[in-house]
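Summary of structural features
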Amino acid sequence: ARHGRGRWVTGPDMGALLAAAGIRPDPFTAAGYSSVSRLIGARRVSFVVNPSDTMADRWVRLPPGHARALHAFDPMTGDITVPATRRQSDGSLLVRLQLRPWSSLLLQTVDRATAPPHSYELVGTGIPLHDGWSLKFEEGGPFIPKWDFIGAPAFWQDLLPEPANAAYSGSGIYSLEWWVDVHQDAVWTLDLGRLSATAEVFLNGKSLGKAIGPSYHVRIPKGALRLKNRLEVVVSNRMANRIAHMDREGIPWKVFHNIDMAARRPENRKAGVFDASAWKPVPSGLLGPVVLIPHEGYRPR
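Described below are features of the structure shown in this document. Everything numeric here is computed off the predicted structure, so don't read it as measured data.

Among all residues save glycine, negative phi is the norm, and among peptide bonds the norm is trans. Note the cis peptide between glycine 141 and proline 142, where omega equals 10°. Position of proline 142 among the secondary structure elements: in the loop between β13 (133-141) and β14 (148-151). Note that the residue after glycine 288, namely proline 289, is joined by a cis bond; omega there is 0°. Inspection of the secondary structure puts proline 289 in the loop between β24 (285-288) and β25 (291-297).

Reported here for the second largest pocket is a volume of approximately 250 Å³. The wall of the second largest pocket is formed by 14 residues, among which Arg24, Pro27, Arg44, Pro63 and His66 lie closest to the centre. Going through the elements one at a time, α2 (27-30), β4 (43-49) and β5 (56-62) are the ones with two or more residues in the lining of the second largest pocket. A class-by-class count of the residues in the lining of the second largest pocket yields six nonpolar, four polar and four charged.

A separate point is helix α4 (residues 240-249). The buried fraction of α4 is high, at seven of 10 residues. As for α4, its buried residues are in contact with α3 (164-167), β15 (169-179) and β23 (273-274). Phi turns positive one or two residues past the end of α4, at glycine 250, with a value near 70°.

By size, the foremost hydrophobic cluster in this structure holds 33 residues, and its most contacted members are Trp133, Tyr174, Trp178, Leu190, Leu192, Val233 and Leu286. Setting aside residues no more than four positions away along its own chain, valine 233 makes contact with Trp133, Gly172, Ile173, Tyr174, Leu192, Leu195, Ala199, Glu200, Val201 and Leu286. Formed by 15 residues, the second largest nonpolar core is a distinct cluster that contains Phe28, Val48, Val95 and Leu107.

Bringing the sheet that holds β15 into the picture now. The strand order β14-β13-β15-β21-β18-β19 describes an open sheet built from six strands, whose pairing is antiparallel. Here the strands that pair on one side only, and so sit at the sheet edges, are β14 and β19 (206-211). The mean inter-strand angle of the sheet, taken between neighbouring strand axes irrespective of direction, is 25°. Two elements, β15 and strand β21 (residues 228-236), share nine bridges in a ladder whose sense is antiparallel. Counterpart to glutamate 177 in the pairing with β21 is arginine 230.

This brings us to the pattern of salt bridges. Close approach of charged atoms allows side chains of opposite charge to pair. If you walk through the whole model with that rule in mind, you get eight salt bridges. The residue lysine 136 makes a salt bridge to glutamate 138 at a minimum N-O spacing of 3.5 Å. Between glutamate 232 and arginine 230 there is a salt bridge, with the nearest N and O atoms lying 3.6 Å from each other. Assessed through its relative accessible area of 32%, arginine 230 is described here as partly exposed. Counted as one network, the salt bridges with shared partners bring together Glu177, Lys228, Arg230 and Glu232.

Conventions adopted
Residues numbered from 1 in each chain as written. Predicted model: local features only at pLDDT ≥ 70, side-chain atom pairs only at ≥ 80, totals over all residues. Heavy atoms only, no water. Helix = DSSP H or I, 4+ residues; strand = E, 2+ residues; numbered from the N terminus. 1 Å grid on protein atoms, 1.4 Å probe; cavity = no way out; pocket = protein on both sides within 12 Å on 5 of 7 lines; lining within 4 Å. Points joined across faces, edges and corners; volume = space filled by probe spheres on them. Nonpolar A, V, L, I, M, F, W, Y, C, P; charged D, E, K, R; others polar. Buried < 20%, exposed > 50% of the residue type's maximum accessible area, 1.4 Å probe, protein only. Contact = heavy atoms within 4.5 Å. Core = buried A, V, L, I, M, F, W, Y, C linked by side-chain atoms within 4.5 Å. Pairing = 2+ DSSP bridges. Axes fitted to C-alpha atoms, helices over the stretch in contact; angles between N-to-C directions. Salt bridge = Lys/Arg side-chain N within 4 Å of Asp/Glu carboxyl O.

Given below as structure tokens:
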């Protein structure tokens, strides 16, 4: 049915309706990612997310005329890279996207790629860093636990005596010194495994960046590893354990001028206001496994 300059198209099949209207499916969504795109001037910008708990490594077919080349911006690190691409005979472009669980990329179409490659291939098996770790605490409360040698990474709830194991909120520094037969021409990824809640990673005194989850990893650039290395992972937990400790001890912290702090959940309500005294300790620290993974730059064909 025509209506003014347009028309109405009806039918029971949404896919057929979109095809009849000349609306193509989003290529990233069709490949299993979540995405939203918009045009900014002549450039197309797509925000792409891996909405799963597993690594996603897929080739996505972009329609003819969609892009000559792409730059990928990692919002977690600020890195700008070039995904691997393959031009097809029909003019379409295949782009390879490697996204860790729940991670994201901003993709922008460009006339010519000028950044380093985004995709990396595994060179060899990962190197586990599972022994010889130490742990110390420098900032937090209600008191600073003493330094401990722990061997393998572990949550500090499993290491500290009471009441520190259930009360401490702050930072713990996990450190390790180790020797490695270095691939000097390789880029490395340090996978921290399970961690709660955020971390900043230092290698030989230099920050490699911050990891806030849900997957915890940092990229180690070429030449950063030495024969002998010192790794420090500064882990900060949430305030939940400290809040619960203050409510159990009757320490006032909900100090507001003219309101009470209401609880959304009934189990967190006591005398009509929010109360966390019944909370169980939230796991905190670095559990691992920590693995050093060597990679090499992927070369587009």
